[in-house]
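Residue strings, one per chain:
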Amino acid sequence: MTTRDQMLANIRANQPSLLPLPDQFTFTSLFPDLTQQFIDVLTFVGGVAVVVSDYAAIKEHVLEQYPDLTNIATTCPYLADLADVTLNVVDPHELAGLNLAIIEGPLAVAENAAIWVDERQLPQRVVPMITQYLVIIIRQSTIVANMHDAYKKLRVDETGFGTFICGPSKTADIEQSLVIGAHGARSLTVYILP
(Lines give C-alpha, C1' and ligand atoms only; values in the text may rest on other atoms or scores of the structure.)
Protein backbone atom coordinates (compact mmCIF):
# COMPACT_ATOMS: atom_id res chain seq x y z
CA MET A 1 0.00 0.00 0.00
CA THR A 2 1.35 3.42 -0.99
CA THR A 3 1.53 6.37 1.37
CA ARG A 4 -1.31 8.00 -0.58
CA ASP A 5 -3.51 4.92 -0.21
CA GLN A 6 -2.75 4.78 3.52
CA MET A 7 -3.69 8.46 3.98
CA LEU A 8 -6.96 8.02 2.11
CA ALA A 9 -7.78 4.86 4.10
CA ASN A 10 -7.15 6.76 7.36
CA ILE A 11 -9.42 9.59 6.24
CA ARG A 12 -12.21 7.15 5.30
CA ALA A 13 -11.88 5.33 8.63
CA ASN A 14 -12.04 8.52 10.68
CA GLN A 15 -14.84 10.46 9.03
CA PRO A 16 -17.36 12.03 11.39
CA SER A 17 -20.94 10.85 11.31
CA LEU A 18 -23.14 12.55 8.76
CA LEU A 19 -25.52 15.09 10.21
CA PRO A 20 -28.69 16.30 8.51
CA LEU A 21 -28.54 19.80 7.06
CA PRO A 22 -30.68 22.35 8.86
CA ASP A 23 -34.01 23.08 7.24
CA GLN A 24 -33.50 26.78 7.68
CA PHE A 25 -30.25 28.50 8.50
CA THR A 26 -30.34 32.25 8.95
CA PHE A 27 -28.88 34.96 11.11
CA THR A 28 -30.82 37.80 12.60
CA SER A 29 -29.08 41.15 12.56
CA LEU A 30 -30.44 43.96 14.67
CA PHE A 31 -29.25 47.43 13.72
CA PRO A 32 -30.90 50.44 15.37
CA ASP A 33 -30.96 52.25 12.01
CA LEU A 34 -30.56 50.27 8.76
CA THR A 35 -29.84 53.38 6.69
CA GLN A 36 -27.12 54.60 9.05
CA GLN A 37 -25.56 51.14 9.19
CA PHE A 38 -25.52 51.03 5.38
CA ILE A 39 -23.92 54.50 5.22
CA ASP A 40 -21.28 53.64 7.84
CA VAL A 41 -20.23 50.44 6.09
CA LEU A 42 -20.26 52.02 2.62
CA THR A 43 -18.03 54.82 3.88
CA PHE A 44 -15.68 52.28 5.49
CA VAL A 45 -15.25 50.39 2.18
CA GLY A 46 -14.51 53.56 0.20
CA GLY A 47 -17.91 54.54 -1.13
CA VAL A 48 -19.87 57.74 -0.63
CA ALA A 49 -23.49 57.85 0.53
CA VAL A 50 -25.68 60.87 -0.09
CA VAL A 51 -29.18 61.04 1.38
CA VAL A 52 -31.41 63.02 -0.99
CA SER A 53 -35.05 64.00 -1.14
CA ASP A 54 -35.73 63.43 -4.85
CA TYR A 55 -34.27 62.91 -8.31
CA ALA A 56 -33.79 66.68 -8.79
CA ALA A 57 -31.38 66.66 -5.83
CA ILE A 58 -29.52 63.73 -7.37
CA LYS A 59 -29.18 65.56 -10.69
CA GLU A 60 -27.92 68.69 -8.93
CA HIS A 61 -25.34 66.73 -6.93
CA VAL A 62 -24.14 64.74 -9.97
CA LEU A 63 -23.61 67.98 -11.92
CA GLU A 64 -21.63 69.42 -8.98
CA GLN A 65 -19.49 66.30 -8.56
CA TYR A 66 -18.81 65.70 -12.25
CA PRO A 67 -18.79 69.11 -13.98
CA ASP A 68 -18.09 68.99 -17.72
CA LEU A 69 -17.92 65.18 -17.70
CA THR A 70 -18.89 63.46 -20.93
CA ASN A 71 -19.58 59.81 -21.81
CA ILE A 72 -22.35 59.46 -19.23
CA ALA A 73 -24.96 56.71 -19.40
CA THR A 74 -27.98 55.99 -17.24
CA THR A 75 -30.80 53.51 -17.04
CA CYS A 76 -32.76 55.83 -14.76
CA PRO A 77 -35.51 57.55 -16.78
CA TYR A 78 -35.63 60.53 -14.38
CA LEU A 79 -31.99 61.35 -15.17
CA ALA A 80 -32.04 60.56 -18.90
CA ASP A 81 -31.13 64.15 -19.84
CA LEU A 82 -27.71 63.69 -18.16
CA ALA A 83 -26.76 60.88 -20.56
CA ASP A 84 -24.87 61.36 -23.78
CA VAL A 85 -24.14 57.62 -24.27
CA THR A 86 -26.57 54.74 -24.55
CA LEU A 87 -26.06 51.41 -22.82
CA ASN A 88 -28.12 49.66 -25.49
CA VAL A 89 -25.19 48.57 -27.64
CA VAL A 90 -24.59 45.28 -29.40
CA ASP A 91 -20.90 45.05 -28.54
CA PRO A 92 -19.97 45.94 -24.92
CA HIS A 93 -16.55 47.07 -26.17
CA GLU A 94 -18.35 50.16 -27.46
CA LEU A 95 -18.59 51.27 -23.81
CA ALA A 96 -14.81 51.36 -23.30
CA GLY A 97 -14.88 55.15 -22.95
CA LEU A 98 -17.71 55.25 -20.40
CA ASN A 99 -16.92 57.76 -17.67
CA LEU A 100 -20.05 57.72 -15.52
CA ALA A 101 -22.84 55.15 -15.21
CA ILE A 102 -25.96 55.91 -13.20
CA ILE A 103 -28.15 52.93 -12.34
CA GLU A 104 -30.74 52.00 -9.75
CA GLY A 105 -30.44 49.19 -7.23
CA PRO A 106 -33.62 47.41 -6.17
CA LEU A 107 -32.14 45.95 -2.96
CA ALA A 108 -29.42 47.00 -0.50
CA VAL A 109 -27.90 45.29 2.53
CA ALA A 110 -27.03 47.18 5.73
CA GLU A 111 -24.46 44.72 7.14
CA ASN A 112 -22.05 45.03 4.21
CA ALA A 113 -23.38 47.92 2.05
CA ALA A 114 -23.90 45.55 -0.87
CA ILE A 115 -26.39 46.56 -3.55
CA TRP A 116 -28.08 44.02 -5.83
CA VAL A 117 -28.29 44.83 -9.52
CA ASP A 118 -29.39 42.57 -12.34
CA GLU A 119 -30.17 42.73 -16.05
CA ARG A 120 -33.17 44.95 -15.42
CA GLN A 121 -30.76 47.70 -14.31
CA LEU A 122 -27.84 46.68 -16.52
CA PRO A 123 -28.50 46.09 -20.20
CA GLN A 124 -24.75 45.37 -20.40
CA ARG A 125 -23.31 43.52 -17.42
CA VAL A 126 -19.87 45.02 -17.99
CA VAL A 127 -21.10 48.51 -16.99
CA PRO A 128 -20.11 48.51 -13.27
CA MET A 129 -16.64 47.22 -14.15
CA ILE A 130 -15.88 49.33 -17.21
CA THR A 131 -17.12 52.75 -16.11
CA GLN A 132 -14.72 55.15 -14.43
CA TYR A 133 -17.32 56.32 -11.90
CA LEU A 134 -20.44 54.52 -10.74
CA VAL A 135 -23.60 55.97 -9.22
CA ILE A 136 -26.30 53.73 -7.78
CA ILE A 137 -29.65 55.01 -6.57
CA ILE A 138 -31.47 53.10 -3.83
CA ARG A 139 -34.52 53.66 -1.63
CA GLN A 140 -34.38 53.45 2.16
CA SER A 141 -37.30 51.03 2.11
CA THR A 142 -35.22 48.50 0.14
CA ILE A 143 -32.44 48.25 2.72
CA VAL A 144 -32.48 44.91 4.56
CA ALA A 145 -30.38 43.96 7.58
CA ASN A 146 -28.23 41.13 6.20
CA MET A 147 -27.57 38.82 3.27
CA HIS A 148 -29.98 36.19 4.60
CA ASP A 149 -32.78 38.76 4.40
CA ALA A 150 -31.59 39.80 0.93
CA TYR A 151 -31.69 36.26 -0.45
CA LYS A 152 -35.20 35.80 0.94
CA LYS A 153 -36.30 38.71 -1.26
CA LEU A 154 -34.28 37.85 -4.38
CA ARG A 155 -35.56 35.72 -7.22
CA VAL A 156 -32.28 34.91 -8.95
CA ASP A 157 -34.03 32.82 -11.58
CA GLU A 158 -35.95 35.85 -12.92
CA THR A 159 -32.97 37.20 -14.85
CA GLY A 160 -29.91 35.75 -16.51
CA PHE A 161 -27.44 37.87 -14.56
CA GLY A 162 -27.27 39.56 -11.18
CA THR A 163 -24.58 40.65 -8.78
CA PHE A 164 -24.00 42.48 -5.52
CA ILE A 165 -21.84 45.60 -5.71
CA CYS A 166 -20.15 46.94 -2.59
CA GLY A 167 -17.99 50.03 -2.81
CA PRO A 168 -15.61 51.02 -5.57
CA SER A 169 -13.27 48.47 -7.09
CA LYS A 170 -10.24 47.84 -4.92
CA THR A 171 -7.34 45.46 -4.48
CA ALA A 172 -4.40 45.17 -2.12
CA ASP A 173 -1.13 43.38 -2.71
CA ILE A 174 1.16 41.61 -0.25
CA GLU A 175 2.95 44.87 0.47
CA GLN A 176 -0.31 46.20 1.91
CA SER A 177 -0.77 48.77 -0.82
CA LEU A 178 -4.45 49.50 -1.43
CA VAL A 179 -5.43 50.49 -4.95
CA ILE A 180 -8.91 51.92 -5.57
CA GLY A 181 -10.34 51.42 -9.05
CA ALA A 182 -8.01 48.60 -10.01
CA HIS A 183 -10.57 46.34 -11.69
CA GLY A 184 -13.60 48.55 -12.06
CA ALA A 185 -15.09 51.87 -11.07
CA ARG A 186 -12.78 54.30 -9.30
CA SER A 187 -15.59 55.56 -7.13
CA LEU A 188 -19.07 54.58 -6.04
CA THR A 189 -21.62 57.15 -4.96
CA VAL A 190 -24.91 55.84 -3.59
CA TYR A 191 -27.88 58.18 -3.52
CA ILE A 192 -30.43 57.18 -0.91
CA LEU A 193 -34.01 58.26 -1.59
CA PRO A 194 -36.77 58.12 1.03
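Going by the structure above, here's the rest.
Quick notes on the rules
- Along each chain, the written sequence defines residue order, and numbers are assigned to residues from 1.
- Totals for whole chains, interfaces and linings use all residues, but because this is a predicted model, local features are given only for residues with pLDDT of at least 70 and pairs of side-chain atoms are given and counted only at 80 or more.
- Hydrogen atoms and water are omitted, and side-chain values are computed over all heavy atoms in the structure.
- A strand pair is defined by DSSP finding two or more bridges across the two strands.
- The helix count covers DSSP runs of H or I at least four residues long, the strand count covers runs of E at least two residues long, and both are numbered beginning at the N terminus.
- Stacked, edge-to-face and tilted are the three classes for Phe, Tyr and Trp ring pairs, Trp counted by its six-membered ring, which pair at centre distances within 6.5 Å; planes under 30 degrees apart are stacked, over 60 edge-to-face, the rest tilted.
- Only protein chains enter the accessibility calculation, which uses a 1.4 Å probe; a residue whose area is less than 20% of its type maximum is buried, one above 50% is exposed, and one in between is partly exposed.
- Interaxial angle, 0 to 180 degrees, is taken between N-to-C directions of lines fitted to C-alpha atoms, where a helix line uses only the stretch in contact.
- Any two residues whose heavy atoms approach within 4.5 Å at even a single point are treated as in contact.
- Put simply, a salt bridge is a Lys or Arg side-chain nitrogen that is within 4 Å of an Asp or Glu carboxyl oxygen.
- The arc refers to the directions leading from the helix axis to the C-beta atoms.

J.: Go over the sheet that holds strand E5 (residues 115-118), please, and point to the residues and values.
T.: In space, the four strands of this open sheet follow the order E7-E4-E5-E8, with mixed pairing throughout. With partners counted over all chains shown, the strands left at the sheet margins are strand E7 (143-144) and strand E8 (162-165), one partner each. Across four bridges, the pairing between E5 and E8 is antiparallel. Counterpart to Val 117 in the pairing with E8 is Thr 163.

J.: Residues and numbers for the packing of aromatic side chains, please.
T.: Within this structure, the stated rule accounts for four aromatic pairs. Look at Trp 116 and Phe 164: their rings are 5.1 Å apart centre to centre, the planes differ by 65°, and that puts the pair in the edge-to-face class. Linking Trp 116 in strand E5 with Phe 164 in strand E8, this pair joins segments that are 48 residues apart in sequence. Taking the relative accessible area as the measure of exposure, Trp 116 reaches 8% and is therefore buried.

J.: Tell me about the sheet that holds strand E2 (residues 72-74), and name the residues and values.
T.: The strand order E1-E11-E6-E3-E2 describes an open sheet built from five strands, whose pairing is parallel. In this open sheet, the two strands that pair with only one neighbour each are strand E1 (48-51) and E2. Shown here is a sheet whose adjacent strand axes are inclined to one another by a mean of 15°, direction ignored. This element, helix H3 (residues 55-65), spans E1, strand E3 (100-104), strand E6 (133-139) and strand E11 (187-193) of the sheet and lies at about 155° to E11.

J.: Before we move on, could you go through the pattern of salt bridges and cite the residues and values that matter?
T.: The tally for this structure, following the rule as stated, stands at six salt bridges. Close ionic contact of Arg 120 with Asp 118 constitutes a salt bridge, the shortest N to O distance being 2.6 Å. With a closest N to O distance of 3.2 Å, Arg 120 and Glu 158 form a salt bridge. Of the two residues, Arg 120 is situated in the loop between E5 and helix H4 (127-130) and Glu 158 in the loop between helix H5 (147-153) and E8; the sequence distance between them amounts to 38 residues. The pair formed by Arg 120 and Glu 158 is uniform in burial state, with each residue classed as exposed.

J.: How would you sum up H3? Please name residues and give values.
T.: Here H3 has its buried residues at Tyr 55, Ile 58, His 61 and Val 62. Summarising the axial view, the buried residues of H3 lie within an arc of 120°, below the 170-degree limit, and thus occupy one face. In H3, the exposed residues that point more than 90 degrees away from the buried face are Ala 56, Glu 60 and Glu 64. Turning to H3, the residues buried within the fold contact E1, E3, E6 and E11.

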